[in-house]
Amino acid sequence: MSQNIPEKQWAQVIEKTGGPVEYKQIPVQKPGPDEVLVNIKFSGVCHTDLHAVNGDWPLPTKLPLVGGHEGAGIVVAKGDLVQDIEIGDHAGVKWINGSCLACDFCQQSDEPLCAKALLSGYTVDGSFQQYAIAKGAHVARIPKEIPLDAISPVLCAGITVYKGLKESGARPGQTVAIVGAGGGLGSLAQQYAKAMGLRTIAIDSGEEKKKMCLEELGSHAFIDFATSKNVVKDVQAATEDGLGPHAVILVAVNEKPFQQAAEYVRPRGTVICIGLPAGAYLRAPVFESVIKMITIKGSYVGNRKDTSEALEFYRRGLIKVPYKTVGLSELQKVYDLMHEGKIAGRYVLDTSK
Ligand code: NAD
Ligand code: ZN
Ligand code: ZN
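Residues numbered from 1 in each chain as written. Chains lettered and ligands numbered in written order. Predicted model: local features only at pLDDT ≥ 70, side-chain atom pairs only at ≥ 80, totals over all residues. Heavy atoms only, no water.

**Digging into the sheet that holds strand β1 (residues 8–14)**
- Taken together, the 3 strands give an open sheet; going across it, the order is β2-β1-β4, and neighbouring strands pair in antiparallel fashion. Edge positions in the sheet fall to β2 (21–27) and β4 (65–66), since each of these pairs with one other strand and no more.
- Judged from the 2 bridges that link them, β1 and β4 form a sheet pairing that is antiparallel. Bridging across to β4, isoleucine 14 finds its partner in leucine 65. (Pairing = 2+ DSSP bridges. Helix = DSSP H or I, 4+ residues; strand = E, 2+ residues; numbered from the N terminus.)

**With respect to the site of ligand 1**
- The immediate surroundings of ligand 1 are formed by 30 residues, with His47, Thr48, Asp204, Val301 and Arg346 found nearest.
- Here an oxygen atom of ligand 1 sits 2.7 Å away from a polar atom, N or O, in the side chain of aspartate 204.
- When the free accessible area of ligand 1 is taken as 870 Å², the share hidden by the protein chains comes to 95%.
- Sorting the residues of the shell around ligand 1 by element identifies α1 (47–54), α5 (184–195) and β12 (199–204) as the ones contributing at least two each. (Near = heavy atom within 4 Å. Polar contact = N/O pair within 3.5 Å; in protein donor to acceptor, adjacent residues only side chain to side chain. Areas by Shrake-Rupley, 256 points an atom, 1.4 Å probe, with all protein chains shown as cover.)

**Structural notes on unusual backbone geometry**
- Cis geometry is found at the peptide bond from glycine 19 to proline 20, where omega equals 5°.
- Its location among the elements puts proline 20 in the loop between β1 and β2.
- Even without a glycine there, the phi angle at arginine 268 is positive, about 75°.
- Relative to the elements of secondary structure, arginine 268 occurs in the loop between α8 (256–264) and β15 (270–273).
- Phi at methionine 293 takes a positive value of approximately 50°, unusual for a residue other than glycine.
- Looking at the secondary structure, you find methionine 293 in the loop between α9 (286–291) and β16 (295–298).
- Methionine 293 gets classed as partly exposed once you look at its relative accessible area, which sits at 46%. (Buried < 20%, exposed > 50% of the residue type's maximum accessible area, 1.4 Å probe, protein only.)

**Observations regarding the domain arrangement of the protein**
- Looking at the assigned domains, one finds that the protein contains domain 1 (8–155 + 302–350) and domain 2 (158–298).
- Computed from C-alpha atoms alone, the centre-to-centre distance between domain 1 and domain 2 is 26 Å.
- Among the residues of domain 1 in contact with domain 2, Asp306, Phe313 and Lys320 are the three that bury the most area, contributing 22% of the side total.
- Taken together, the connections running from domain 1 to domain 2 amount to 5 salt bridges.
- The salt bridge partner of lysine 166 is aspartate 306, with a shortest N-O separation of 2.9 Å.
- With 5 residues, the top contributor of residues to the side of domain 1 that touches domain 2 is helix α10 (residues 304–315).
- Across the side of domain 1 that touches domain 2, the residue classes break down as 13 nonpolar, 7 polar and 8 charged. (Domains from an automatic or database assignment. Buried area = accessible area lost by both parts, 1.4 Å probe. Salt bridge = Lys/Arg side-chain N within 4 Å of Asp/Glu carboxyl O. Nonpolar A, V, L, I, M, F, W, Y, C, P; charged D, E, K, R; others polar.)

**A short note on the coordination of the zinc ion (ligand 3)**
- Within the protein, the zinc ion (ligand 3) binds to Cys100 (SG), Cys103 (SG), Cys106 (SG) and Cys114 (SG); these donor distances fall in the range 2.3 to 2.4 Å.
- All donors of the zinc ion (ligand 3) come from a single chain, and their spacing in sequence reads C-x2-C-x2-C-x7-C. Here cysteine 114 lies in the loop between α2 (104–107) and β8 (118–119) and cysteine 100 lies in the loop between β7 (96–98) and α2, a separation of 14 residues in the sequence. (Donors = N, O, S within 2.8 Å, 3.2 Å for Na, K, Ca; no water.)

**With respect to the pairing of β12**
- Among the 6 residues of β12, 5 are classified as buried, and the element is accordingly described as predominantly covered.
- Bridge count for strand β11 (residues 175–179) against β12 is 5 bridges, and the pairing is parallel. Residue isoleucine 178 lies in a different strand from β12, and its bridge partner there is alanine 202.
- Each parallel crossover has a hand, and the one from β11 via α5 to β12 is right-handed.
- As paired elements, β12 and strand β13 (residues 221–224) share 4 bridges and run parallel to each other. Looking at β13, one finds that alanine 202 is bridged to phenylalanine 222.
- In this fold, the crossover linking β12 to β13 by way of helix α6 (residues 207–216) has right-handed handedness. (Right-handed = clockwise from strand over helix to strand, strands pointing away.)

**Notes on the packing of aromatic side chains**
- If you walk through the whole model with that rule in mind, you get 6 aromatic pairs.
- When the centroid spacing of 5.7 Å and the interplanar angle of 45° are considered together, the rings of tyrosine 162 and tyrosine 192 count as tilted. In this pair, tyrosine 162 is assigned in helix α4 (residues 157–168) and tyrosine 192 in helix α5, connecting sequence segments 30 residues apart.
- Ring plane angle 45° and centroid distance 5.5 Å describe the contact between tyrosine 192 and phenylalanine 313, whose orientation is recorded as tilted. Linking tyrosine 192 in helix α5 with phenylalanine 313 in helix α10, this pair joins segments that are 121 residues apart in sequence.
- With relative accessibility at 0%, the residue tyrosine 192 sits in the buried group.
- Under the relative-accessibility criterion, phenylalanine 313 is labelled buried at 14%.
- One aromatic cluster in this structure is built from Trp57, Trp95 and Tyr122. (Phe/Tyr/Trp six-rings, centres within 6.5 Å; stacked < 30°, edge-to-face > 60°.)

Okay, structure coming up:
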């Protein structure tokens, strides 16, 4: 059940933690009975991929590793047990590559919490290759009218921020602060928030990101964390009544903003932690947290339903993904820019180059 599938393909591989990534040819794998083989056309580069190279987290990656978990492409082969997706369909290889579908969490559609979840570009090879494997039950179903390059960042960044916004409980008309607004997750968070009827305050640094957040992504205020004399006061001042945002979506890659959010969030407000800076801790003053009755929560990617909903927002024309496309061979350059915090929006890799 397959088309003309080559034996070898181009991929970006790390042999050891710390890198470098090496652009080389590796064999194309065959899908198992419950798996599909996706000819990846485009893959977004998420900061998680850089955390994986750097070994930032207390969870080891497989090695050697092909990273990537925002892979959009075409199904070219499938195992016998995969019934509801056909060869030629468009599909997305996302962070949750597979899960057991039987445990307590999977039964309740909390598959990111499954102890047996397979993670694309982390515990199994991901989308920085021309042919990637994922469980048929878990690949994103991408409607054919959606362009594969533009949708790729939605497959992690979009799903994750959409879920985070839902977890925040913020309602239309309320204000959400997006911390790390100029990056991949942050730029999409502003778009999803706007589509959900929320007002957004963007927090990040530099003129390019400021311009993007205010002029393209619809935030009504931008606070530059590097030049602000008092981020807490500035965020509160950017809300109409000065009481602070109803929710905070933390997608920054530094610990400091994780320590500040509880200070500026509005009484009864919710702080949603999504970014995963290395070795970081959450810290909030007990007194203010109690008397302001605030909620602090983690939010981790999304389930299959969050995936189809996030894609549907895009299909309906509600989401504009700010991205630049470069060849798969240029991944290291993307990592270098990301490390320096110089990427406004997302980079998408074209696997044919
Ligand atoms: P990115 O590099 O594109 O963006 C991060 C942004 O944070 C940058 O624009 C940077 O300037 C900004 N930033 C740094 N310090 C800041 C500060 N003090 N205040 C405000 N902004 C600051 O990264 P990304 O791809 O958007 O990923 C962001 C984080 O989210 C990463 O840690 C990634 O691993 C994590 N992530 C988590 C999940 C999840 O499910 N929880 C999913 C995807 C990514
Ligand atoms: Zn990601
Ligand atoms: Zn499970």
